[in-house]
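Observations on the three-dimensional arrangement
So the chains spell out like this:
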Amino acid sequence: MLNIKWVVLAIAIVMYLLVILFQEKKVWMTTAAALITVVLGFIFAGNVFVPTANAGSLFYHIFFELINWNILMIYVGSMTIAALFIYSNVPARIADWLVEHSRSTGVAVVLILAMTGIISIFVENVATVLVMAPIALALSKKLDLNPVPFMVGLAVMSNLEGTATLVGDPPSMIFASYAGYNFNDFFFYQGKMSIFFIIQAGMIAGCIFFYCIFGRVKDKAQIEKEPVISYFPLWLLLGMIFGLAGISFISTELGYGSGCFVLGLGIIGLLWYKFSQKKSRKEIWELVHDLDWETIAFLLGIFIVVGAISETGLLDDFALWLAKVTGGSKFMGFILILAFSVLISGFVDNVPYIIVMLPVAGSLAMNMCIQKELLMFALLVGSCLGGNLTPFGASANVVAMGILKKEDHPINFAGFLKIGAPFTIITTAAAAILLWCVWA
């Protein structure tokens, strides 16, 4: 048993190192690690995964209990709706309205960054940056502004707000699955403000930070309004939000109902795209093909490997070690989880990290006899906001850097750090203070 435990740990460590070193091949690394782990599970029955009666039961446990298909359906459905929402031109029209009605372009820039964050609550971060980038570049050229802070702002604000709701980002979906949270629990839980409002504290701090950069721009810009293609994707998006809220009232658990509902709305959206917008099969295929299938495949492997790590008892061992390190101090445990998560997520994909660390944070809270939300929220805040620390901490950052390079405004690591580091520190501190005040 002990030998198998360390074999599983070795597989996970090698997988993580290879994912870090070969980011473009990360799906291959996690898939290979998952397949090796599954083979070990069948060879050493009862020692890798929880004991099961036979091979059929083990197969069912691995592929229908460790892999969270509900989360994957929510992700695919919400990505489809988000792609159609961007196609509709509604986000660009909202940005035009903000510029038109703001007292200065500096204020408009801050409002556009805030709007980027709000859209990112429901739309994948990279997609949000891509749809807002032309607006940022056009404004920058018209007012002779350096587009670097604006583009970096789009990336970091989208990363920040993606944490706020169940459908914002994969880490939030994973957290909801582990903690048993429904859509409404992200707003209020046990009568207290939950993660949505904690993230909004960071959002306010982030807006103040960017106002200090752009507030000096007093000129008023005139722009050409983008025509809206259709408001139907907006209604789909709102239907998803209110539908998930309604399902949360009906059921205390996510179940497969949430995933089927969101995936169903995505399919309705594709039917609308084909018949109402008269799109060809090729155009529909291109839209579906461009969804973030890499993350789906990545998650499949991670679910299996981390499931094995958890069921061998390694995560409980790590939690006990952390409890000793903190000396039983609630504040030290809180700061350790928060700071460690920010630093790690600045360089490592936060999806596998949060899958590994959620059970650790929960066990650590139990061992220290404190409310688990304090440490799990600290983990979620640190791992998601920490991605803003470096240009490689989140996919949206990489996309923003690529756009700037294409526009002949390349930014290096140090240049990104000048904006990303203070933004990360300020927003994480603001969120952490509210989190401590509410849940400590």
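Residues numbered from 1 in each chain as written. Predicted model: local features only at pLDDT ≥ 70, side-chain atom pairs only at ≥ 80, totals over all residues. Heavy atoms only, no water.

The helix and strand inventory of the chain stands at 20 helices and 2 strands. Expected size for 440 residues packed as a compact globule is a radius of gyration near 22 Å; at 22 Å, the chain falls within 12% of this value. The principal-axis extent of the C-alpha atoms belonging to the chain is close to 70 × 55 × 45 Å. The buried share among the 440 residues of the chain stands at 58%. (Helix = DSSP H or I, 4+ residues; strand = E, 2+ residues; numbered from the N terminus. Rg over C-alpha atoms; globule rule 2.2 N^0.38 Å. Buried < 20%, exposed > 50% of the residue type's maximum accessible area, 1.4 Å probe, protein only.)

Once that is clear, we can look at unusual backbone geometry. In this model, K278 sits at a positive phi of 55°, which is unusual for a non-glycine residue. Mapped onto the secondary structure, K278 falls in the loop between α12 (255-275) and α13 (281-289). Positive phi is not limited to glycine here, since C369 has a value of about 60°. Tracing the backbone shows C369 in the loop between α17 (350-367) and α18 (372-385). A residue is classified by how much of its surface remains accessible, and C369, at 71% relative accessible area, is exposed.

For T37, the position within the fold is in helix α2 (residues 26-43). Not counting residues within four places of it along the chain, the set of residues in contact with T37 comprises I11, V48, F49, V305 and A308. (Contact = heavy atoms within 4.5 Å.)

What follows covers the nonpolar core. Among the nonpolar cores identified, the biggest contains 151 residues, and I112, M132, F150, M151, F175, F210 and I355 are the most heavily contacted of them. When sequence neighbours within four positions are dropped, the list of residues in contact with F210 reads V110, L113, P149, G153, V156, M157, G215, I419 and F423. (Core = buried A, V, L, I, M, F, W, Y, C linked by side-chain atoms within 4.5 Å.)

Another aspect to go through is the packing of helix α9 (residues 170-179) against α18. Running from N to C, α9 and α18 cross one another at 165°; their axes reach a closest spacing of 11 Å. In this view, α9 runs roughly antiparallel relative to α18, as classed from their interaxial angle. Here α9 and α18 pass one another in a crossing that is right-handed. Here α9 contributes P171, S172, F175, Y178 and A179 to the contact with α18, which in turn contributes K372, M376, F377, L380 and C384. Taken together, the residues of the contact of α9 with α18 sort by class into 8 nonpolar, 1 polar and 1 charged. (Axes fitted to C-alpha atoms, helices over the stretch in contact; angles between N-to-C directions. Parallel < 35°, antiparallel > 145°, perpendicular 65-115°, else oblique. Left-handed = near helix turned anticlockwise from the far one by under 90°. Nonpolar A, V, L, I, M, F, W, Y, C, P; charged D, E, K, R; others polar.)

Tracing the backbone through its elements, the reader meets D185 in the loop between α9 and β1 (188-189). Beyond its immediate chain neighbours, meaning those up to four positions away, D185 contacts G180 and S194.

Residues lying three or four places apart along an α-helix face the same way, a consequence of the helix completing one turn every 3.6 residues. With 19 residues, helix α4 (residues 69-87) ought to run about 27 Å at 1.5 Å a step, and its terminal C-alpha atoms sit 27 Å apart, in line with that. Across the 19 residues of α4, 15 count as buried, placing the element largely inside the fold. Note on α4: the residue one or two positions beyond its end, N89, has a positive phi of about 75°. (Expected span 1.5 Å × (residues − 1).)

Right, let's get into the environment of S363. If you trace the backbone, S363 turns up in helix α17. Along the backbone, S363 and E161 are 202 residues apart, and their C-alpha atoms lie at a distance of 27 Å.

Here we take up the confidence of the model for the chain. Per-residue pLDDT for the chain has a mean of 82; in total, 93% of the residues score no lower than 70. Per-element confidence in the chain is highest for strand β2 (residues 192-193), whose mean pLDDT is 94, and lowest for helix α15 (residues 314-326), whose mean pLDDT is 72. (pLDDT = per-residue confidence, 0-100.)

Let us now look at the packing of helix α8 (residues 147-161) against helix α10 (residues 195-214). Running from N to C, α8 and α10 cross one another at 175°; their axes reach a closest spacing of 10 Å. Classified by the interaxial angle, the pair formed by α8 and α10 is roughly antiparallel. Contacts from P149, F150, G153, V156, M157, L160 and E161 in α8 reach I199, Q200, G202, M203, C207, F210, I213 and F214 in α10.

The subject of this paragraph is the packing of aromatic side chains. For the structure shown, the criterion picks out 24 aromatic pairs. A ring pair is formed by F188 and F197, whose centres lie 5.1 Å apart and whose planes are at 50°; its orientation type is tilted. Judged by centre distance (5.3 Å) and plane angle (25°), the rings of F232 and W272 are stacked. Taken as a pair, F232 in helix α11 (residues 232-250) and W272 in helix α12 lie far apart in primary sequence, 40 residues in all. Exposure remark for F232: the relative accessible area of 29% places this residue in the partly exposed category. Over the ring of F275 we find K274, and its NZ or CZ is 5.6 Å from the ring centre. (Phe/Tyr/Trp six-rings, centres within 6.5 Å; stacked < 30°, edge-to-face > 60°. Lys NZ or Arg CZ within 6 Å of the ring centre and 35° of its normal.)

Along the chain, L338 falls in helix α16 (residues 330-345). Assessed through its relative accessible area of 9%, L338 is described here as buried. For the pair L338 and P359, spaced 21 residues apart in sequence, the C-alpha separation works out to 15 Å. Here L338 is in contact with A378, V381, G382, T428 and A432, once residues within four sequence places are set aside.

Note that A114 resides in helix α6 (residues 105-120). Residue classification places A114 among the buried residues on the basis of a relative accessible area of 11%. With near-sequence residues (within four places) excluded, A114 lies in contact with M157, M203 and C207.

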